[in-house]
Amino acid sequence: MTPVLREMRWWDIDPVLALEKALFPEDAWSRGMFWSELAHSRGATATKRYVVAQDGERIVGYGGLAATADVGDVQTIAVARDQWGTGLGALILTELLRAATTFECAEVMLECRIDNIRAQKLYERFGFEPIGFRRGYYQPGNVDALVMRLQDPSTSVQGTEIHG
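Within each chain, residue numbers correspond to sequence positions counted from 1 in written order. The model is predicted, so local features are restricted to residues of pLDDT at least 70 and side-chain atom pairs to those at 80 or more, both for listing and for counting; the totals for chains, interfaces and linings are taken over all residues. To get the side-chain values, take all heavy atoms of the structure and skip hydrogens and water.

Closest axis-to-axis distance for the helix H3 (residues 88-102)/helix H4 (residues 117-125) pair is 11 Å, and the angle between their directions is 50 degrees. Here H3 is positioned oblique relative to H4, judged by the angle of their axes. As H3 runs across H4, the sense of the crossing is right-handed. Between H3 and H4, the contacting residues are Gly89, Ala90 and Leu93 on the first element and Leu122, Tyr123 and Arg125 on the second. In this classification, Asp, Glu, Lys and Arg are treated as charged, Ala, Val, Leu, Ile, Met, Phe, Trp, Tyr, Cys and Pro as nonpolar, and every other residue, Gly included, as polar. Residues of the contact of H3 with H4, tallied by class, amount to four nonpolar, one polar and one charged. Between N-to-C directions, angles span 0 to 180 degrees; the directions come from axes that are lines fitted to C-alpha atoms, helices contributing only their stretch in contact. Under the scheme used here, helices are H or I runs from DSSP no shorter than 4 residues and strands are E runs no shorter than 2 residues, and both carry numbers assigned from the N terminus. Note on angle classes: values under 35 degrees are labelled roughly parallel, values over 145 roughly antiparallel, values of 65 to 115 roughly perpendicular, and the remainder oblique. For any pair of crossing helices, the crossing counts as left-handed if the nearer helix is rotated counterclockwise from the farther one by less than a right angle, and right-handed if it is rotated clockwise. By definition, residues are in contact when any of their heavy atoms lie within 4.5 Å.

For Asp12, the location among the structural elements is in the loop between strand E1 (4-7) and helix H1 (13-23). Residue Asp12 is classed as buried on the basis of its relative accessible area, which comes to 2%. Two N or O atoms form a polar contact when they lie within 3.5 Å of each other; inside protein one atom must be a possible hydrogen donor and the other a possible acceptor, and for residues adjacent in sequence the pair counts only when both atoms belong to side chains. Among the polar contacts listed, one links the side chain of Asp12 to the side chain of Arg6, at a separation of 2.7 Å. In this structure Asp12 touches Arg6, Glu7, Val52 and Ile59, once residues within four positions along its chain are discounted. Summary of the burial criterion: residues with accessible area below 20% of their type's maximum are buried, those above 50% are exposed, and those between are partly exposed, where the area comes from a 1.4 Å probe applied to protein chains only.

Listed below in structure tokens is the structure:
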């Protein structure tokens, strides 16, 4: 079965939190952080887009994007370990870039753990380029972040389609 992407809703927070804590035990987001993000993801004034990937009854991935003026910022992308290498991360990123295009973002930024080579390779495939570092960005582990930028996200999502 192929996971289906859909809008993240409040009832997804607990399963997303479980996945978040399994994948990012040192610097997992809190329940309040997800609530705050979802509060700005619906309606005419929405500035955020959060999605979950659902495989049957199980949430196997999620991602979120925030838009401010003409800049999008990938807030988070996570995929369950048993789904690594399946293309699910690329599917989630494609949806976030589609949202950035809808929000009329001229560019999209993100931070990635300096030691997360798998994620960096995914972002590079989509055209993101490294532009700098944020020292000690991920706490409490004091891990540096690689800052990456994609100019004109609309070019990265042309011809892609989400099924399901």
